[in-house]
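Each chain, letter by letter, is given below.
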Amino acid sequence: MGDLEGKKILLGVSGSIAAYKSVYLLRALQKSGAEVRVIMTQKATDFVSPLSFEAISHFPVYWDTSSQQSWNNHIELSLWADVFIIAPATANTIAKFTTGMANDMVSACYLASRCPVFMAPSMDVDMWHHPATRSNINTLQSRNVFIIPVGYGSLASGLTGEGRMAEPDEIVEILKLNLRAKTSVLKNKKVLITAGPTHEAIDPVRFIGNSSTGKMGIALAEASAGLNAEVTLILGPTQLKPGNEKIKVIRVTSARDMLKATSKYHTKSDVTIFSAAVADYRPGTVSEEKIKKTGDEINLSLIKNPDIAYEMGLRKNKHQIHIGFALESTPGEEYAKEKLKKKNFDMVVLNSLADAGAGFAVDTNKATFYFKNNKSKKFELKSKIQVANDILEAIEQLIIEKKTK
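Keep in mind it's a predicted model, so treat the numbers as computed, not measured. (Residues numbered from 1 in each chain as written. Predicted model: local features only at pLDDT ≥ 70, side-chain atom pairs only at ≥ 80, totals over all residues. Heavy atoms only, no water.)

Draft legend 1. Quick look at the pairing of strand S8 (residues 190–195). For S8, the buried fraction is high: 5 of the 6 residues fall into the buried class. Sheet topology places S8 next to strand S11 (residues 230–235); 6 bridges connect them, and they run parallel. Looking across to S11, one finds that Leu 192 is bridged to Thr 232. (Buried < 20%, exposed > 50% of the residue type's maximum accessible area, 1.4 Å probe, protein only. Helix = DSSP H or I, 4+ residues; strand = E, 2+ residues; numbered from the N terminus. Pairing = 2+ DSSP bridges.)

Draft legend 2. Examining the packing of aromatic side chains more closely. Using the criterion set out here, one finds 4 aromatic pairs in the structure. Relative to Tyr 110, the ring of Phe 97 has its centre 4.2 Å away and its plane inclined at 5°; by these criteria the two rings are stacked. Of this pair, Phe 97 sits in helix H4 (residues 91–99) while Tyr 110 sits in helix H5 (residues 105–112), and the two are 13 residues apart along the sequence. On the accessibility criterion, Tyr 110 (11% relative accessible area) is buried. (Phe/Tyr/Trp six-rings, centres within 6.5 Å; stacked < 30°, edge-to-face > 60°.)

Draft legend 3. Inspection of the sheet that holds strand S20 (residues 376–378) at higher detail. One open sheet accounts for 8 strands, arranged S12-S11-S8-S13-S16-S17-S19-S20; its pairing is mixed. Looking at strand neighbours, the two that pair on one side only are strand S12 (248–251) and S20, the edges of this open sheet. Taking the axes of each pair of neighbouring strands and ignoring which way they run, one obtains an average angle of 15° across the sheet. Relative to the sheet, helix H10 (residues 255–266) contacts S8, S11, S12, strand S13 (271–274) and strand S16 (321–328), its axis offset from that of S8 by approximately 170°. (Axes fitted to C-alpha atoms, helices over the stretch in contact; angles between N-to-C directions. Contact = heavy atoms within 4.5 Å.)

Draft legend 4. View of the packing of H4 against helix H7 (residues 131–142). Contact geometry for H4 and H7: axes closest at 9 Å, N-to-C directions at 50°. One way to sum up the angle between H4 and H7 is to call them oblique. Here H4 and H7 pass one another in a crossing that is left-handed. For the pair formed by H4 and H7, the contact residues are Ile 94, Ala 95, Phe 97 and Thr 98 on the first element and Asn 136, Ile 137, Thr 139 and Leu 140 on the second. Here the residues of the contact of H4 with H7 sort into 5 nonpolar, 3 polar and no charged. (Parallel < 35°, antiparallel > 145°, perpendicular 65-115°, else oblique. Left-handed = near helix turned anticlockwise from the far one by under 90°. Nonpolar A, V, L, I, M, F, W, Y, C, P; charged D, E, K, R; others polar.)

Draft legend 5. Here's a closer look at H7. Over its 12 residues, H7 extends 16 Å from the first C-alpha to the last, a length consistent with the 16 Å expected when each residue adds 1.5 Å. If you check which residues of H7 are buried, you get Thr 133, Asn 136, Ile 137 and Leu 140. All buried residues of H7 lie within an arc of 100° about the axis, which places them on one face of the element. The exposed set on the far side of H7, more than 90 degrees from its buried face, consists of Pro 131 and Ser 142. Buried residues along H7 sit in contact with H4, H5, strand S4 (117–121), helix H6 (125–129) and strand S5 (146–147). Asn 144, located one to two residues past H7, shows a positive phi value of around 70°. (Expected span 1.5 Å × (residues − 1). Arc of directions from axis to C-beta.)

Fair warning: the whole summary comes from geometry, so function is off the table for now.
Below you can see the structure in the form of structure tokens.
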């Protein structure tokens, strides 16, 4: 049985190269137990045949509001649906929704819908950042349309940047999170998350750092916000950022910057998740000028950085939940258990670089959770948004257990 068991989901597909992903999204929704029906814009049929969706959904696919067979289906389908998701949602479709146009099946169903509406935008980076699009997105959010964050990467134009439609499994996880948000114990809780790398300056242009991109921490922030938590994300130097504008983002560079910001927000937090890859050491001295290349070697004297999780663990009160991460190149079970005790964590998420698809700068992770009661839980390889969902479910259980003690 899937987490969307019995849900009636209307999937709207608009004219984007990303329309092929909607075929996989349809499958993923069905796998989660949902009954799915598909509607399309006329332009969408240029990218994917309606027959593809009909063969998988086993229902007719409508795209023409003026035909004799389907002119009134936008009313019937809108009333039928528990959830309406538009994926991909082009800049044109988003603009139609904002202005109230209804000249295709997707926009007509939107105006007639009474259920929660989700949109997964797909467009080129400059279109995504254009003031008109930003204004339209803000307007739809003010009308309680949930905007699923876009991805960062290669685009159909050949450019690289934001604008990619979220992956199908990410969309399904976001739906699951939002549909259980009303009953989540994380609702209105203050969640503090550290994410990304830290850069420790050598001189004005060089630094010591690591390959972390902050993807896991950003996924946790997005998922927490999806459960209506009040999220503060302390984010190291990375080009990535969360798409949910309700998330408070504090940008930092060094480990000491991160410690200062974490100290400021930790006191009032209910849950703190230490997912940042903080540099263990920093240069003992920082050159004020760029160091010139004068020989075959350069010697750096390194000193230990503050251990942010350890420091916050000393300040932790009995009502607070602390979650740590351990990334190892070996199995790492003993290290994770040691970290659990030393840093006063309630749970440690262990992942190993030895596992294909886990680690920095990838969209997946393979995790094992370790708890104070000597219990553990191992998961298969999943997308980072799915791992974030698993982590938040574990946190919800920890909160419930603390309340009963």
